[in-house]
Amino acid sequence: MDIKVVSTQPIEGQKPGTSGLRKKTRVFMEPHYLENFVQSVFDAIGGAGGKTFVVGGDGRYFNAEAIQTILRMAAANGAAHVIAGRGGLLSTPAASHLIRKNATDGGLILSASHNPGGIDEDFGLKFNIPNGGPAPEGVTEAIFAATKNIGQYRTLETPDIDLDALGEQKIGDMVVSIVDPVSDYAALMQELFDFGAIKDLLASGFRLRFDAMHAITGPYAKVILEEMLGAPAGSAINATPSVDFGGGHPDPNPAWAKELMAELMSDEGPDFGAASDGDGDRNMILGRNFYVSPSDSLAVLTANAHLAPGYANGIAGVARSMPTSCAADRVAQDLGIECFETPTGWKFFGNLLDAGRATICGEESFGTGSNHVREKDGLWAVLLWLNILAKKRCSVADLVQEHWKKYGRNYYSRHDYEALPKADASDLMDRVAGQLDTLPGKSFAGQVVDQADSFGYEDPIDGSKSSNQGLRIRFNNGARAVFRLSGTGTEGATLRLYIEHLETDPVRLTQDVQSALSLVIAAAHEIAGIGRLNRSGPDVIT
Ligand code: G16
């Protein structure tokens, strides 16, 4: 094996964000860019020697080329074995499952998630640790430190391997196993859910539509929903992954999943609709003429998970990211289980899941998942919803409205202002941060501030601390506004404003969301001076 040691220099800005390193594809394609980051990952984890990794991605532009580079570098760094998805494809939750199932030393997942793909769009790479979850901050900081000190990387001069050939091949001394990306994951889903009950539901005329958004979940949905559960062919749409996601934005929300929204928001629409994102970890749930907010979805799943065999003994606890609505908290209280509030980023759930303190986790950003893997999982959420509906035999709307009657409704919305000049976004955050101490007692749009702070988190398992995780303002009627800058964007800065208001009056549970939140929105605008951004409105409202 002829190892090539290549001299390189640190490249600025290789700091992993909310979920790994995300940059424009052309940036990743620049000389040494990918190689520097991969070598830094290996260096940060004490080397790759003798280790086994899972490697796969969402199939976006540059996925296959980047995998060949990673395989050569893994071999040159002494890795013993890499398990890769056929065609270089693995959904993020399926990769997490393979990391765990094979007791590996971690995985490299290539994805920029819900961001568009293509040579002029986005690419990403993240390292997941042996528990299957995204590297925690301690590890991402070590990776970033390594990127700042790198002087060389190791690779091989070998031809590409055939990523489409199932079975074993060798690169240097390293074994590469190419596996079917779907089968192990599908088997796991079959263990967790009552496939018989879901099959019966689908056979009874219940109609579903799943939009894979030209991304990774297409092959998974075809096998699980159509072949295993008997949904009619064509129930999964846009199911062939493409390198640029059909030119679209693979983000399962009402703004980007327009085709699915149009079909469901109609009296003749299917009974159930769902979509997933670029790498298969997000989900959006719809009923006929009914949108389920991700925060409500978390609460409904927490309340009803026991209806699925995998959770029949109940759940230990629920965790949500801070900006996610507090709907799940009241379910947890009712069930007498623990409820955790973490910073944004799935990596913060890892310790709670490992310790058995949380069983189900969720975020407002269309992510829900459980202790079956260590990533959020789009198809898992779809199957848990179907399992619950199969047992309850009611509509999505009825299920959620009954939930609101019992627990109250957390009206909730997120307003995103995208691609802002970085200085404008940080000025706004500074403006809010500068007022935190003096806000309590003051009134905005007729609402009095009760508490205001910058969210910090101390992990209850390992005591690690994370500060500056969003600015929270609570009003004395229980309403809340949160300001945060996104950690996943690749252009300028994205401001996220999260607004929430709890309504318990049974006759006020079905108002228009933006109207129900209008006073909190007005107060947030007044406090932060959002008008100074010179935008006519948010770019995306979810
Ligand atoms: C990632 C993280 C999520 C986070 C989301 C949005 O999701 O895994 O935990 O909620 O980004 O983060 P931000 O608000 O910082 O942009 P994904 O699906 O992009 O991997």
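Preceding this section is the structure that the text describes.
Not measured: the values here are computed from a predicted model.

Asker: Is there a simple way to explain the side chain of asparagine 128 in this structure?
Answerer: Looking at the element boundaries, asparagine 128 is found in strand E6 (residues 122-128). Polar contacts involving the side chain of asparagine 128 include one to the main-chain carbonyl oxygen of glycine 132, which spans 3.0 Å. Asparagine 128 has contacts with Ile99, Gly106, Gly107, Ile109, Gly133, Pro134, Ala135 and Glu375, leaving out every residue within four places of it along the chain.

Asker: I tried to follow the sheet that holds strand E25 (residues 480-485) on my own but got confused; where do I start?
Answerer: Strand pairing within a sheet occurs via backbone hydrogen bonds; the two strands may be parallel or antiparallel. Spatial strand order, E20-E21-E24-E25-E26-E19-E27: 7 strands in an open sheet with antiparallel pairing. Each edge of the sheet is formed by a strand with only one pairing partner; in this case those strands are strand E20 (443-444) and strand E27 (540-541). As defined by bridge partners, E25 adjoins strand E26 (residues 493-503) across 6 bridges and the pair is classed as antiparallel. The residue of E26 that forms the bridge with arginine 480 is glutamate 500. Where helix H17 (residues 518-528) meets the sheet, it contacts strand E19 (409-420), E20, strand E21 (447-454), strand E24 (471-475), E25 and E26, and its direction lies at approximately 140 degrees from that of E26.

Asker: Can you walk me through the nonpolar core in this structure?
Answerer: Proteins that are soluble and globular tend to have nonpolar side chains buried together. Counting residues in hydrophobic clusters, the biggest one holds 74 residues, and the most contacted among them are Met189, Phe193, Phe210, Phe272, Trp380 and Trp385. Looking at this core element by element, the count peaks at 11 residues for helix H13 (residues 378-392). Of the residues that make up this core, three or more belong to each of domain 1 (3-179) and domain 2 (185-407). Of all hydrophobic cores here, the second largest spans 40 residues; its members include Ala75, Ala84, Ile161 and Val176.

Asker: What am I meant to see in the side chain of asparagine 238 here?
Answerer: Along the polypeptide, asparagine 238 turns up in the loop between strand E11 (236-237) and helix H9 (258-264). Here aspartate 211 takes part through its side chain, which lies 3.0 Å from a polar atom of the side chain of asparagine 238. Within polar-contact distance, the side chain of asparagine 238 engages the side chain of glutamate 259 at 3.2 Å. When residues no more than four places from it in sequence are discounted, the contact partners of asparagine 238 are Asp211, Ala212, Met213, His214, Ala215 and Glu259.

Asker: Could you clarify how one ought to interpret the site of the ligand in this entry?
Answerer: Neighbouring the ligand are 19 residues; Glu363, Ser486, Gly487, Thr488 and Arg496 lie closest to it. Within the backbone of tryptophan 346, an N or O atom sits 3.0 Å from an oxygen atom of the ligand. The separation between an oxygen atom of the ligand and a polar side-chain atom of arginine 496 is 2.6 Å. Protein coverage of the free-state accessible area of the ligand, which is 460 Å², stands at 99%.

Conventions used here
Residues numbered from 1 in each chain as written. Predicted model: local features only at pLDDT ≥ 70, side-chain atom pairs only at ≥ 80, totals over all residues. Heavy atoms only, no water. Helix = DSSP H or I, 4+ residues; strand = E, 2+ residues; numbered from the N terminus. Polar contact = N/O pair within 3.5 Å; in protein donor to acceptor, adjacent residues only side chain to side chain. Contact = heavy atoms within 4.5 Å. Pairing = 2+ DSSP bridges. Axes fitted to C-alpha atoms, helices over the stretch in contact; angles between N-to-C directions. Core = buried A, V, L, I, M, F, W, Y, C linked by side-chain atoms within 4.5 Å. Buried < 20%, exposed > 50% of the residue type's maximum accessible area, 1.4 Å probe, protein only. Domains from an automatic or database assignment. Near = heavy atom within 4 Å. Areas by Shrake-Rupley, 256 points an atom, 1.4 Å probe, with all protein chains shown as cover.

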